[in-house]
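Residue-level listing of the chains:
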Amino acid sequence: MTKFDELLGPTLINGKGEEVPTSSVLEGKKYVMLYFSAHWCPPCRAFTPRLADAYNAHIKYLENSSKVDGSDGSAGLNDGNDGEIEVIFISLDSVLSEYEHYRSTMPWYSVPHSNLWQLNIKDDLSKKYSIRTIPTLIILNGEGGEVVTRNGKGEYSAFFKGDYQLASSGCSIS
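All of these numbers come straight from a predicted model, not from anything done at the bench. (Residues numbered from 1 in each chain as written. Predicted model: local features only at pLDDT ≥ 70, side-chain atom pairs only at ≥ 80, totals over all residues. Heavy atoms only, no water.)

Peer 1: Lay out the overall build of the chain with the relevant residues and their values.
Peer 2: Summing up its helical and strand segments, the chain has seven helices and seven strands in all. Listing the helices and strands of the chain from first to last along the sequence gives α-β-β-α-β-α-β-α-β-α-α-β-β-α. Residues classed as buried in the chain amount to 43% of the 174 residues present. Across the chain, every contact between residues at least 6 apart in sequence was considered, and the portion connecting residues at least 24 apart equals 61%. With an accessible surface of roughly 9400 Å², the chain has 48% of that area assigned to carbon and sulfur atoms. (Helix = DSSP H or I, 4+ residues; strand = E, 2+ residues; numbered from the N terminus. Buried < 20%, exposed > 50% of the residue type's maximum accessible area, 1.4 Å probe, protein only. Contact = heavy atoms within 4.5 Å. Areas by Shrake-Rupley, 256 points an atom, 1.4 Å probe, with all protein chains shown as cover.)

Structure representation (structure tokens):
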């Protein structure tokens, strides 16, 4: 059992709603981002599309950079570490249908709703990372699971490459 199997449970759900082994999803990732959110939270519903844009832009950046292949035999723009990021949705939704609907708006993996509640994953992770407000994005080292930053919501742009609009941190007053 890997560190992330212990943290997140044995399986995650992909975008198609299929359960896949946690270890295979997160194997070799440089960073694992834990996204604590819920459909009933207006700031979450505002931040989720911004994070999804960054995630999708990063994937597009990697696809485009892997196509760039110099005539000198270079591998292109991608240094090999850029793609080693995965986001995992940790839902605070208690109602399955609300979880499913909200999860369907996200391009990344999710902890299964049943595991969040039956295995106490939601409570254990909330306690471990001192989650007091949502949305919260905790960025972990993919090798050992150590916290890289607890301010992933404010720092995600340092990890994702590509063109996307940054999330605002609040209201602007002129």
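Peer 1: Explain the nonpolar core residue by residue, including any values.
Peer 2: Grouped together as the largest cluster of nonpolar side chains are 46 residues, with contacts concentrated most on L8, L34, Y35 and F160. If you tally residues by element for this core, the top one is helix α3 (residues 42–67), at seven residues. Those residues within four positions of L8 in sequence are excluded, and the remaining contacts are T22, L26, L34, I88, I90, V111, I121 and L125. (Core = buried A, V, L, I, M, F, W, Y, C linked by side-chain atoms within 4.5 Å.)

Peer 1: Summarise the packing of aromatic side chains; cite the residues concerned and give the values.
Peer 2: Two aromatic rings, taken as a pair, are described by how far apart their centres are and by the angle between their planes. All chains considered together, the criterion is met by ten aromatic pairs. With a centroid separation of 6.0 Å and 10 degrees between ring planes, the pair formed by F89 and Y99 is classed as stacked. Separated by ten residues along the polypeptide, F89 in strand β4 (residues 85–91) and Y99 in helix α4 (residues 96–103) bring together distant segments of the chain. Of the aromatic side chains, those joined through ring pairs into one cluster are Y35, F47, Y55, F89, Y99, Y102, W108, Y156, F160 and Y164. Positioned above the aromatic ring of F47 is the side chain of K153, whose terminal nitrogen or guanidinium carbon lies 5.7 Å from the ring centre. (Phe/Tyr/Trp six-rings, centres within 6.5 Å; stacked < 30°, edge-to-face > 60°. Lys NZ or Arg CZ within 6 Å of the ring centre and 35° of its normal.)

Peer 1: Talk me through the pairing of strand β6 (residues 136–141); I want residue IDs and the actual numbers.
Peer 2: Along β6, five of the six residues are buried, which leaves the element largely enclosed by surrounding structure. Across six bridges, strand β3 (residues 31–37) lies against β6 in antiparallel orientation. Among the inter-strand pairings, V32 is bridged to a residue of β6, identified as L140. Across two bridges, the pairing between β6 and strand β7 (residues 147–149) is antiparallel. Within β7, the position partnered with L140 by the bridge is V147. Connecting β6 to the antiparallel partner β7 that follows it, the hairpin turn spans five residues, and G145 within it adopts a positive phi of roughly 85 degrees. (Pairing = 2+ DSSP bridges.)

Peer 1: With reference to specific residues and values, describe unusual backbone geometry.
Peer 2: Negative phi values dominate among residues other than glycine, just as trans dominates among peptide bonds. With an omega of 5 degrees, the peptide bond between I134 and P135 qualifies as cis. Residue position: P135 is located in the loop between α6 (121–128) and β6. The residue N120 is not glycine, and still its phi comes out positive at about 60 degrees. Take N120: it is sitting in the loop between α5 (113–118) and α6.

Peer 1: Quick one: what's the story with the pattern of salt bridges, residue by residue and with numbers?
Peer 2: Enumeration according to the criterion identifies two salt bridges in this entry. Between E100 and R103 there is a salt bridge whose closest N-O contact spans 2.9 Å. Separated by three residues within a single helix, E100 and R103 lie in helix α4, roughly one turn from each other. On the accessibility criterion, E100 (31% relative accessible area) is partly exposed. The salt bridge involving K122 is made with D123; its shortest N-O contact spans 2.6 Å. (Salt bridge = Lys/Arg side-chain N within 4 Å of Asp/Glu carboxyl O.)

Peer 1: Which residues make up the confidence of the model for the chain, and what values go with them?
Peer 2: Close inspection of predicted coordinates is inappropriate in any region flagged by low pLDDT. Residue-level pLDDT values for the chain average 86, and 85% of them are 70 or greater. In this model residues 69–80 is a low-confidence stretch, pLDDT under 50, and it forms ten contacts with partners more than four residues away in sequence or in other chains. Predicted confidence for residues 170–174 stays below pLDDT 50, and this span has zero contacts to residues more than four positions away or in other chains. (pLDDT = per-residue confidence, 0-100.)

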